[in-house]
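# Architecture and fold: a report
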Amino acid sequence: MKKILIYCDTKPEDLSLVGAVELMVDEEVSLTAIGYKEHCPSGNSVYDEILLIDDQKVMPYDTMNLCDLITENHKENKYDIILFPSTQLGRILAPRVAIALHVGLVADVTDLHLNHGIIEMIRPAYSGKLLAHIEALGTGPLMMSVRPGVFQPKAVQLKSTNIRELHGYQPKPSQIILLQTRLKPSTEDIRDSKILISGGGGVLEHFDHLEELATLLNAQVSASRRVVDSGLVSRRIQVGQSGKTVSPKLYIALGISGSVQHIEGLKNVETIIAVNTNKNAPICSLATLVVEGDAVDFIDKLSTKIKKNSLNFKEETQ
Amino acid sequence: MKIVCLIKFIPDVEDFKYDHERNVLIREKMNQILNPEDAVAVAFALNVKKYYPSTTIELVSMGPQSIIPKLEELLRLDLDQATLITDLAFVGSDTYATSRIIAHYLTKHKFDLILTGTHTLDGDTSHVPAQIAQWLGLPHLSNVNSIHMNSIDLGRLELSVDHDQEIMSFAVSTPAVLSLQKEAPYKLPYVRFEDLNKDVSERLKMLSLKDFDLKREDVGFEGSKTKVIKTYAQTLNRQTKIEVTTDEAGIQTVYDYLKDKGFLK
Ligand SMILES: Cc1cc2nc3c(=O)[nH]c(=O)nc-3n(C[C@H](O)[C@H](O)[C@H](O)COP(=O)(O)OP(=O)(O)OC[C@H]3O[C@@H](n4cnc5c(N)ncnc54)[C@H](O)[C@@H]3O)c2cc1C
Ligand SMILES: Nc1ncnc2c1ncn2[C@@H]1O[C@H](COP(=O)(O)O)[C@@H](O)[C@H]1O
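What counts, and at which threshold
- Residues numbered from 1 in each chain as written.
- Chains lettered and ligands numbered in written order.
- Predicted model: local features only at pLDDT ≥ 70, side-chain atom pairs only at ≥ 80, totals over all residues.
- Heavy atoms only, no water.
- Helix = DSSP H or I, 4+ residues; strand = E, 2+ residues; numbered from the N terminus.
- Contact = heavy atoms within 4.5 Å.
- Areas by Shrake-Rupley, 256 points an atom, 1.4 Å probe, with all protein chains shown as cover.
- Domains from an automatic or database assignment.
- Buried area = accessible area lost by both parts, 1.4 Å probe.
- Salt bridge = Lys/Arg side-chain N within 4 Å of Asp/Glu carboxyl O.
- Polar contact = N/O pair within 3.5 Å; in protein donor to acceptor, adjacent residues only side chain to side chain.
- Nonpolar A, V, L, I, M, F, W, Y, C, P; charged D, E, K, R; others polar.
- Near = heavy atom within 4 Å.
- Pairing = 2+ DSSP bridges.
- Buried < 20%, exposed > 50% of the residue type's maximum accessible area, 1.4 Å probe, protein only.
- pLDDT = per-residue confidence, 0-100.
- Arc of directions from axis to C-beta.
- Core = buried A, V, L, I, M, F, W, Y, C linked by side-chain atoms within 4.5 Å.
- Axes fitted to C-alpha atoms, helices over the stretch in contact; angles between N-to-C directions.

Per the secondary structure count, chain A includes eight helices and 16 strands. Seen through its principal axes, chain A has C-alpha atoms that stretch 70 × 45 × 40 Å. When contacts within chain A are restricted to residue pairs at least 6 apart in sequence, long-range pairs at least 24 apart make up 62% of them. When the accessible surface of chain A is split by element, carbon and sulfur atoms take 49% of a total near 13,700 Å².

Below, the structure written as structure tokens:
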């Protein structure tokens, strides 16, 4: 039996880390979740045990104490695998725990293989054209971070979960104090959008055109890193490995080549329409509909057609 | 106040070369650029120095000797010292080994603040700063988008962190490790014209394995806790697809498709 510890830092119903476990363990598992109350299930769940961190004692972002808490817990329970979501907190907590336990850490795993008992962690490498298989060396728990939403468990089996609050832990005085939290002026999240109009290097000079098509289709605009790096748009709308993982029903990729890192952000997208001057660009292999040609030309013509037809439609019904 | 900036020169991702036999990136031949967020961190440090002239700034970078000219370019700004940690023995270090080597250097020195980028454009793991903070037993925050200049003197820094839909303000006791994000409003100045060819070599220090109390097996491939087994090109599952162009017929096909699937009312 393998013992797994999962740090919860997303919605309680997010089971993507449990999905990752399925891919790398082919025997029975005992699943322990650890996290703050708002991120953990409150009743019976897929977990055998849930350990709730007391937010009066250890504040989120106090990664020194969180790390000690997890390390102590590991020393008691000797987990085989410890998983973190690659959330903002997960990304600064996981490396600390890895050093405390003297084990390796692989970031943003996108696929997993069990190869003759060895777990291979897969992530994009360098150029965006290659994937790397990575193996952990040495003894001690296997650690990785996984982007939320990348994996989904196939079978969900409800267990009678033992929920415990972690009271015994004596934290050190915190060196980080939260002064205040302010909500940003509300900006829409590309992850919630059913349709995304996404632009890349091929529309760099005309990125503002995307907005027109987005309005007509009641969609949101997103971008590849090429556009974000050029400073035109905020990283908040970047799709991909260092951006967001999105699952819209329709993804219109305008002048995007489809590097590994970009495609990593496209999970469970129903339909991709790729508009590209090069119909052999990688993104075109993933698309249901490939439009060969200039993306701005495409936007203008399609927008005109949509506007014209909706006008006709109005006239007919009046 | 003494500030250490951890900076990394990264291959310009557009022209990368990869050694498939050894599974490493060939850095020596590539055009190297300063990781943009690290530039933001250095720019902030220079701002502090403007406000508080007694501030000293040291750049620390681990990488190949080919980045020396780039470090010298930076040293022509108002920076006090650059330390290049460089040795062929370090090649192949994963983030565990890298953070261990850099932290080892830092334990021997006094500083109030370590500034880094939140992540690098090439590796994008965000591991190194948090790992160094753990080796040194220091608090750490990432995605920092501003540090309040007035708090610098208090031994307790006030700063804001960009957390998705929220901005969180924290007070952190120093010494601390802070990772800045690209959106922070600090920009590197240009080198003054008269300094363009200034000799700065006496402010550049180079360290190799023999300068560390680390053994050969603690660094490089041997000192790493992860190993790349293989890399390969991704094969994409080809979809059964429709191919059109942007002529009238093509646009009509797209329009009909959108209507048909209910994306257009
Ligand atoms: C660690 C790391 C993380 C990364 N994370 C991300 C990430 O999260 N998201 C991401 O997107 N990238 C990411 N990248 C970068 C990625 O490798 C690519 O460089 C990037 O996705 C390229 O963007 P692009 O396809 O828009 O641009 P390009 O590569 O410049 O491609 C432009 C495309 O547009 C086409 N085109 C040109 N002109 C026209 C025209 N007039 N009309 C129509 N088509 C045209 C071209 O044929 C080409 O296919 C990452 C890279 C690294 C190393
Ligand atoms: N080799 C290195 N030398 C100096 N600083 C580094 C090095 N690698 C990473 N860093 C620092 O750590 C940050 C995050 O890098 P990474 O963990 O590679 O995503 C960078 O922005 C740098 O500030």
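More follows now that the structure is in view.
The extent of an interface is frequently quoted as the accessible surface area lost upon association of the parts. All names here are of chain A. As assigned here, chain A comprises domain 1 (2-165) and domain 2 (190-315). Distance from the C-alpha centre of domain 1 to the C-alpha centre of domain 2: 33 Å. Between domain 1 and domain 2 lies a buried interface of about 880 Å² when both sides are counted; carbon and sulfur atoms form 43% of it. On the surface where domain 1 and domain 2 come into contact, there are one salt bridge. Salt-bridge contacts for Glu264 lead to Arg147; the nearest nitrogen and oxygen are separated by 3.9 Å. Linking domain 1 with domain 2 are four residue pairs in polar contact (both at pLDDT 80 or more), by the criterion used here. Put simply, the parts of the chain that give the side of domain 1 that touches domain 2 at least two residues each are β7 (118-125) and β8 (130-136). A total of three residues in the side of domain 1 that touches domain 2 trace back to one element, the largest contributor, which is β7. A breakdown of the residues in the side of domain 1 that touches domain 2 according to their chemical character gives seven nonpolar, four polar and four charged.

A few words on the site of ligand 2. All names here are of chain B. Near ligand 2, the surroundings consist of 18 residues, among which Leu6, Ile7, Asp38, Met62 and Ser126 are the closest. At a separation of 3.2 Å, an oxygen atom of ligand 2 approaches a polar side-chain atom of Thr125. Here an oxygen atom of ligand 2 sits 3.0 Å away from a polar atom, N or O, in the main chain of Val128. When isolated, ligand 2 has an accessible area of 480 Å², and the protein chains bury 97% of it.

Listed per partner, the contact involves 76 residues of chain B and 82 residues of chain A. Summing both sides of the interface, chain B and chain A together bury roughly 7,600 Å²; the carbon and sulfur share of this comes to 59%. Applying the counting criterion to the chain B and chain A interface returns four salt bridges. For Lys279(A), the salt bridge goes to Glu243(B), with nearest N and O atoms at 3.6 Å. Taken together, the connections running from chain B to chain A amount to 32 residue pairs in polar contact (both at pLDDT 80 or more). When residues of the side of chain B that touches chain A are traced back to their parent elements, those giving at least two are α3 (95-107), α4 (127-136), β9 (140-147), β10 (156-163), β11 (166-173), β14 (226-233), β15 (242-245) and α5 (248-260) of chain B. Where strand β11 (residues 176-183) of chain A lies against β11(B), seven bridges are found, and the strand directions are antiparallel. Its bridge partner lying in β11(B), Ile176(A) is registered against Val172(B).

This part is about the pattern of salt bridges. It is possible for side chains of opposite charge to pair when their charged atoms get near one another. Applying the stated rule across the entire model yields 27 salt bridges over all chains. Asp189(A) is the salt-bridge partner of Arg191(A), the closest N and O atoms lying 3.1 Å from each other. Look at Arg191(A) and you get partly exposed, because its relative accessible area is 37%. Here Arg156(B) ties to Glu158(B) by a salt bridge, and the two come within 3.0 Å at their closest N and O atoms. For Arg156(B), a relative accessible area of 33% corresponds to the partly exposed category.

For chain B, per-residue confidence averages 90 on the pLDDT scale, and residues scoring 70 or more make up 91% of the total. Interface scoring of the predicted complex returns ipTM 0.85; its pTM is 0.85.

As a further point, take helix α2 (residues 68-75) of chain B. Every α-helix carries 3.6 residues per turn, so stepping three or four residues along brings you back to the same face. Residue and element names in this part refer to chain B. Looking at α2, one finds that the buried residues are Ile68, Leu71, Leu74 and Leu75. Relative to the axis of α2, the buried residues are bounded by an arc of 120° and lie together on one face. Buried-residue contacts for α2 involve β2 (9-11), β5 (32-34), β6 (56-62), β7 (81-85) and β13 (204-207).

Judged by nonpolar contacts, the single largest core of 76 residues is most densely connected at Tyr7(A), Met143(A), Leu115(B), Leu141(B), Leu159(B) and Phe170(B). With nine residues, helix α1 (residues 36-51) of chain B is the single largest residue contributor to this core. Beyond its immediate chain neighbours, meaning those up to four positions away, Tyr7(A) contacts Leu17(A), Ile34(A), Gly35(A), Tyr36(A), Ile53(A), Leu66(A), Ile70(A), Leu83(A), Phe84(A), Pro85(A), Leu89(A) and Leu93(A). Residues Val203(A), Val239(A), Leu250(A) and Tyr257(B) belong to the second largest nonpolar core, which totals 54 residues.

Right, let's talk about the sheet that holds strand β1 (residues 2-8) of chain A for a bit. All names here are of chain A. Read across the open sheet, the seven strands follow the order β5-β9-β4-β1-β2-β3-β10; overall the sheet is parallel. Two strands bound the open sheet, and with one partner strand each, they are β5 (106-109) and β10 (162-166). Across the sheet, the mean angle from the axis of one strand to that of its neighbour is 25°, orientation sign disregarded. The pairing of β1 with strand β4 (residues 81-85) spans three bridges and is classified as parallel. Bridging across to β4, Ile4 finds its partner in Ile81.

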